[in-house]
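Fold and geometry: a report
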Amino acid sequence: MRSVGIDIGSSSIKVVEILATNKRLSVVKFFEHPLGLNPAFDPEIEILDFLKSLTHSYDANSTKIVLGLKQDFISARFKTFPFQDRLKILKSLPFELEEDLPFSTENAIFDAKICRYTGNQAEVLALASPRHRITGSLQRAKDSGLDVHILSSEAVALANCIEDWADAPPAVPALPILSESSDLDSSPKKPIQILIHIGHTRTLVLAFSENKLVGVRSLYWGAKNVIDGIVRKYEIPFIEASKEFQTKAFILLNKDQASYDQIVFSDIISNQIKEFSKELRIAILEFQAEFNADFQGIQISGGGAQIQNLNAFLTTQLDLPVNR
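This text gives an overview of the structure that appears in the document. (Residues numbered from 1 in each chain as written. Predicted model: local features only at pLDDT ≥ 70, side-chain atom pairs only at ≥ 80, totals over all residues. Heavy atoms only, no water.)

Quick look at the overall build of the protein chain
Note the threshold: Only DSSP runs of H or I reaching four residues or more are called helices, and only runs of E reaching two or more are called strands; each is numbered from the N terminus. Only the C-alpha atoms count toward the radius of gyration. The rule for a globule is 2.2 Å times the residue count to the power 0.38. Think of it in three bands: residues with accessible area under 20% of the maximum for their type are buried, residues over 50% are exposed, and the middle band is partly exposed, with areas taken using a 1.4 Å probe on protein chains only. Residue contacts are counted whenever heavy atoms from the two residues lie within 4.5 Å of one another. Counted as positive: Lys and Arg. Counted as negative: Asp and Glu. His and the chain ends are not counted at all. A charge is said to be at NZ when it belongs to Lys, at CZ for Arg, at CG for Asp and at CD for Glu.
Helix and strand counts for the protein chain come out as eight helices and 14 strands. Relative to the globule expectation of 20 Å for 324 residues, the C-alpha radius of gyration of the protein chain, 22 Å, shows essentially globular dimensions. Every one of the 324 residues in the protein chain was classed for burial, and the buried ones make up 42%. Considering only contacts within the protein chain whose residues lie at least 6 apart along the sequence, 60% involve residues at least 24 apart. Computed over 34 positive and 40 negative side-chain charges, the inter-centroid distance for the protein chain is 4 Å.

Here you go:
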């Protein structure tokens, strides 16, 4: 069976083709289609034209299409249920999430990703999206002639690169019950590893505990923020600034031997990353409060993570070890 994953981003459409055999999965093709940067051009037309071209490349009878849904359209909350039955969990989601969602539960579609079982309980990453966001994505695919088999959350799809996704959720003994007088410091800490995926206009911040996704944040910041800073400083077109970013972006950790031009260029980027770090710190503090986290470190990925020395600079900004 052949599976084709399609990720429609703000700057490009990425497609990966995977072939499944009895013994293994193989990535057989990957390509990226840049979207036009001309603001006068309707990107929706370009997206539809590209998706229509894919219909001629794959046999619908032997190919499964997996389409990504932007994380901006999804709310994710970590919940603990006093039972383990998945159907019962799904039925309980609208009630459990009613006060947490920024949209009406009556017009939402829900799903649940079980992280692990603790005694008779289930720790769950609950997901909800407005119905019109899901129907809109499916309608776009239908207009292009694509028959979508799976519509996946960006964060959950990215987590598949880290999780043992083919295995059943782990089961552990029940956690000790804390008294009402117990404070946060005396409660057991949850080991948390953070993955920061920096895209063109958005950044995903994912929290993992024992290689299981437990938390998601979507930040309105991406590589475009840095490119816009280059545009303003040098007064050059966006496309030219984008090429400069892709080929030369760096942050100087030591300016002693650097030229004036190198220092100016580095400062443009580092100033933008400092603003980005403020948003990251807020997300990290939220994870700290939610999980009483013991942070194990941070990993960065995505196109925006290719800035030279970015990991070392973020380490100083966040006071946590950051690596690609």
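Some remarks on empty space enclosed by the protein
Heads up, the rule is: In this analysis a 1.4 Å probe is tested at points of a 1 Å grid over the protein atoms alone, and where it fits but cannot get out there is a cavity; an open set with protein on both sides within 12 Å along at least five of seven lines is a pocket; lining residues have an atom within 4 Å of a point. Grid points are joined across faces, edges and corners, and a volume is the space filled by probe spheres set on the points. Under the scheme applied, nonpolar residues are Ala, Val, Leu, Ile, Met, Phe, Trp, Tyr, Cys and Pro; charged residues are Asp, Glu, Lys and Arg; polar residues are all the others, including Gly.
In the structure shown here, the tally under the stated rule is one cavity of 30 Å³ or more. Of the voids in this model, the largest cavity is the one considered here, and its volume is about 60 Å³. Lining the largest cavity are Cys115, Arg116, Glu123, Pro170, Lys190, Ser209, Glu210, Lys212 and Val214. Each residue belonging to the lining of the largest cavity can be placed in one class, and the counts come to three nonpolar, one polar and five charged.

Description of the packing of aromatic side chains
Stated formally: Stacked, tilted and edge-to-face pairs are distinguished by plane angle, under 30 degrees for stacked and over 60 for edge-to-face with tilted covering the rest, among Phe, Tyr and Trp rings (Trp via its six-membered ring) whose centres lie within 6.5 Å. For a lysine, the NZ atom is tested; for an arginine, the CZ atom; a charge sits over a ring if that atom is within 6 Å of the ring centre and within 35 degrees of the ring normal.
Enumeration over the complete set of coordinates arrives at seven aromatic pairs. Seen from their ring centres, Tyr234 and Phe265 are 6.5 Å apart, and the 40° between their planes marks the pair as tilted. Taken together, the positions of Tyr234 in helix H5 (residues 223-234) and Phe265 in helix H7 (residues 260-291) put the pair 31 residues apart, joining distant regions of the chain. Across from the ring centre of Phe83, 4.5 Å away, lies the NZ or CZ of Lys88, which sits over that ring. Taking NZ or CZ as reference, Arg133 lies 4.1 Å from the ring centre of Phe73, over its face.

Looking at the nonpolar core
Our working rule: Nonpolar cores are built from buried Ala, Val, Leu, Ile, Met, Phe, Trp, Tyr and Cys residues. Side-chain atoms within 4.5 Å join them into one set.
Ile194, Ile196, Leu206, Leu213, Ile273 and Ile298 are the most contacted members of the largest nonpolar core, which totals 60 residues. In this view, Ile298 contacts Gln193, Ile194, Ile196, Ile284, Leu318, Leu320, Pro321, Val322 and Asn323; residues no more than four positions away in its chain are not counted. Ile8, Leu35, Ile47 and Ala141 belong to the second largest nonpolar core, which has 16 residues in total.

Some details on the sheet that holds strand E14 (residues 322-323)
Note the following rule: A strand pair is defined by DSSP finding two or more bridges across the two strands.
The mixed open sheet is built from five strands, whose spatial order is E12-E11-E10-E13-E14. Among the strands making up the open sheet, the edge pair consists of strand E12 (212-219) and E14.

Observations concerning unusual backbone geometry
The phi dihedral of Asn211 falls on the positive side, at around 65°, and the residue is not glycine. Structurally, the position occupied by Asn211 is in the loop between strand E11 (203-209) and E12. Positive phi outside glycine occurs at Asn309, with the angle close to 70°. Among the secondary structure elements, Asn309 is positioned in the loop between strand E13 (293-301) and helix H8 (310-318). The partly exposed category is assigned to Asn309, whose relative accessible area is 25%.

Here we look at helix H1 (residues 43-55)
Where we set the bar: To estimate the expected span of a helix, subtract one from its residue number and multiply by 1.5 Å. It is the directions from the helix axis to the C-beta atoms that the arc portrays.
Between its first and last C-alpha atoms H1 spans 19 Å; for 13 residues at 1.5 Å apiece the expected length is 18 Å, and the two agree. When H1 is considered as a whole, its buried residues turn out to be Glu46, Ile47, Phe50, Leu51 and Leu54. Viewed along the axis of H1, the buried residues span an arc of 130°, placing them on a single side of the element. Elements in contact with the buried residues of H1: strand E1 (2-8), strand E2 (12-20), strand E3 (25-34) and helix H3 (131-144).

Things to note about the pairing of E11
Counting buried residues in E11 gives seven out of seven residues, a clear majority hidden from the surface. Alternating positions in E11 separate into two faces, Thr203, Val205, Ala207 and Ser209 on one and Leu204, Leu206 and Phe208 on the other, with burial throughout. Between the end of strand E10 (residues 190-198) and the start of E11, which pair antiparallel, lie four residues. With seven bridges joining them, E11 and E12 adopt antiparallel strand pairing. The residue of E12 that forms the bridge with Val205 is Arg217. What sits between E11 and E12 in their antiparallel hairpin is a turn of two residues, with Glu210 showing a positive phi close to 55°.

Here we look at helix H6 (residues 238-248)
All buried positions along H6 are accounted for by Ala241, Ser242 and Phe245. Seen along its axis, H6 keeps its buried residues to an arc of 105°; they face one direction. Among the exposed residues of H6, those oriented more than 90 degrees off its buried face are Lys243 and Thr247. Contacts from the buried residues of H6 go to H5.

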